[in-house]
Every structure is written in C-alpha cells, then in structure tokens.
Amino acid sequence: MMMVSRYFRRTLFAAAKSETSGAASMARMTAHNPLEEFFEADRKPDEEKPVVYGRSWKASELRLKSWDDLNKLWFVLLKEKNMLMTQRQMLHAQNLRFPNPERLPKVRKSMCRIKHVLTERAIEEPDSRRSAEMKRMVNAL
C-alpha cells in the first residue's frame, strides 16, 4: 500500500521535475506565459482545410496501457479539458460561438473510461490492501 503511493509520488515528482527543467530551458529561448496553456493556439484565417480532431479513447485500447501511462494520459486529458472549458467560457462571455463543441464530450468520455479501467484493475488486484490503495488513488483522480 505504502509502496504504491511512494512509487506514484516519485513518478509524479520525476515527471514534474523533467517538465520543469524542460520548461526552464524553453523559457530561456522565449518568454512564455503559463496561462497561454489554457488557450488553443490561434489558426491563420487563410487556412482553408478544417481541423479534424481525434476520437475518444476506447476502453479496450486503455486496457493495454500501463498504470503510469494511464495516469499520464489522465493529466493530459485534464489539461485539454481545462483548456477547452476556458476557451468556451471566454467565447461565451464575448457572445461568440465555441468552435468544435464535440471535443469536450470526447475528452470527458476518455477520462471516464480511464477511471473505469483503473477501477477494474483495482478490483482484480488479489492483495486487498493494495486493492484498497489503488481504489483510493483512482477516486482521487
């Protein structure tokens, strides 16, 4: 139980540390405002081709991924969801239409499916203590 939580914390700390060092080197090259991550990069109006966005993840695809990959994907989707909701709110305040509103349900479905797959794994865990710890981690997402 404690070993799983330590491992999870170390993994998150290592990921945050690597992102921080990468971000520091990126900041040296260009002045970057962290709030820009909540907004989608603007497209040029002269681009004729419509942007095609992907589909939501299927549970069968997610079952093939490791626990760490699913946690990383969860946070990528959380960031995407925050960006989309921020953009939707900003456009709504300006009485503008939110482009591609179908993206948000795809992200939410994928997040729900990740939680489902992680819960399945926690239930299938033979060690009851480890299973309880895994369930707590899933519920914290």
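Quick notes on the rules
- Residues numbered from 1 in each chain as written.
- Predicted model: local features only at pLDDT ≥ 70, side-chain atom pairs only at ≥ 80, totals over all residues.
- Heavy atoms only, no water.
- Helix = DSSP H or I, 4+ residues; strand = E, 2+ residues; numbered from the N terminus.
- Buried < 20%, exposed > 50% of the residue type's maximum accessible area, 1.4 Å probe, protein only.
- Contact = heavy atoms within 4.5 Å.
- Areas by Shrake-Rupley, 256 points an atom, 1.4 Å probe, with all protein chains shown as cover.
- Phe/Tyr/Trp six-rings, centres within 6.5 Å; stacked < 30°, edge-to-face > 60°.
- Lys NZ or Arg CZ within 6 Å of the ring centre and 35° of its normal.
- Core = buried A, V, L, I, M, F, W, Y, C linked by side-chain atoms within 4.5 Å.
- Expected span 1.5 Å × (residues − 1).
- Arc of directions from axis to C-beta.
- Axes fitted to C-alpha atoms, helices over the stretch in contact; angles between N-to-C directions.
- Parallel < 35°, antiparallel > 145°, perpendicular 65-115°, else oblique.
- Left-handed = near helix turned anticlockwise from the far one by under 90°.
- Nonpolar A, V, L, I, M, F, W, Y, C, P; charged D, E, K, R; others polar.

What about the overall build of the protein?
Tallying secondary structure elements over the protein gives five helices and zero strands in all. Reading the secondary structure of the protein in the N-to-C direction produces α-α-α-α-α. For the protein, buried positions account for 24% of its 141 residues. Considering only intrachain contacts with a sequence separation of at least 6, the fraction spanning at least 24 residues in the protein is 68%. When the accessible surface of the protein is summed, it comes to about 10,600 Å², and 58% of that surface belongs to carbon and sulfur atoms.

Thoughts on the environment of Arg88
Inspection of the secondary structure puts Arg88 in helix α3 (residues 67–93). Residues Arg88 and Pro99, 11 residues apart in the sequence, show an inter-C-alpha distance of 8.4 Å. Excluding anything up to four places from it in sequence, Arg88 contacts Phe98, Leu104 and Arg108.

What to know about the packing of aromatic side chains
Tallying each qualifying case throughout the model produces zero aromatic pairs. Across from the ring centre of Tyr53, 3.9 Å away, lies the NZ or CZ of Arg103, which sits over that ring.

Some remarks on the nonpolar core
Core analysis: the biggest nonpolar cluster contains 21 residues, and Leu62, Trp67, Leu70, Leu77, Leu84, Ile114 and Leu118 have the highest contact counts within it. When residues of this core are traced back to their parent elements, those giving at least two are α2 (59–62), α3, α4 (103–124) and α5 (128–140). In terms of residue count, α3 provides more of this core than any other element does, eight residues in total. Residues within four places of Leu77 in sequence aside, it is in contact with Val107, Ser110, Met111 and Ile114.

Some words on unusual backbone geometry
Despite not being glycine, Asn95 shows a phi value in the positive range, around 55°. With respect to the helices and strands, the residue Asn95 is situated in the loop between α3 and α4. The exposed category is assigned to Asn95, whose relative accessible area is 71%. In this structure, Asn100 takes a positive phi of about 55° despite not being glycine. On the secondary structure map, Asn100 appears in the loop between α3 and α4. By relative accessible area, which is 25% here, Asn100 ends up partly exposed.

Overview of α4
For α4, built from 22 residues, the straight-helix expectation of 32 Å at 1.5 Å per residue is met to within 8% by its first-to-last C-alpha distance of 32 Å. Those residues of α4 that sit buried are Arg103, Leu104, Val107, Ser110, Met111, Ile114, Val117, Leu118, Arg121 and Ala122. Summarising the axial view, the buried residues of α4 lie within an arc of 155°, below the 170-degree limit, and thus occupy one face. Among the exposed residues of α4, those pointing more than 90 degrees away from its buried face are Cys112, Ile123 and Glu124. As for α4, its buried residues are in contact with α2, α3 and α5.

Here's the deal with the packing of α3 against α4
Between α3 and α4, whose axes approach to 9 Å, the crossing angle comes to 155°. Classified by the angle their axes make, α3 and α4 are roughly antiparallel. Considering how the two elements wind past one another, α3 and α4 form a crossing that is left-handed. Classifying every residue of the contact of α3 with α4 by side-chain character gives 15 nonpolar, two polar and seven charged.

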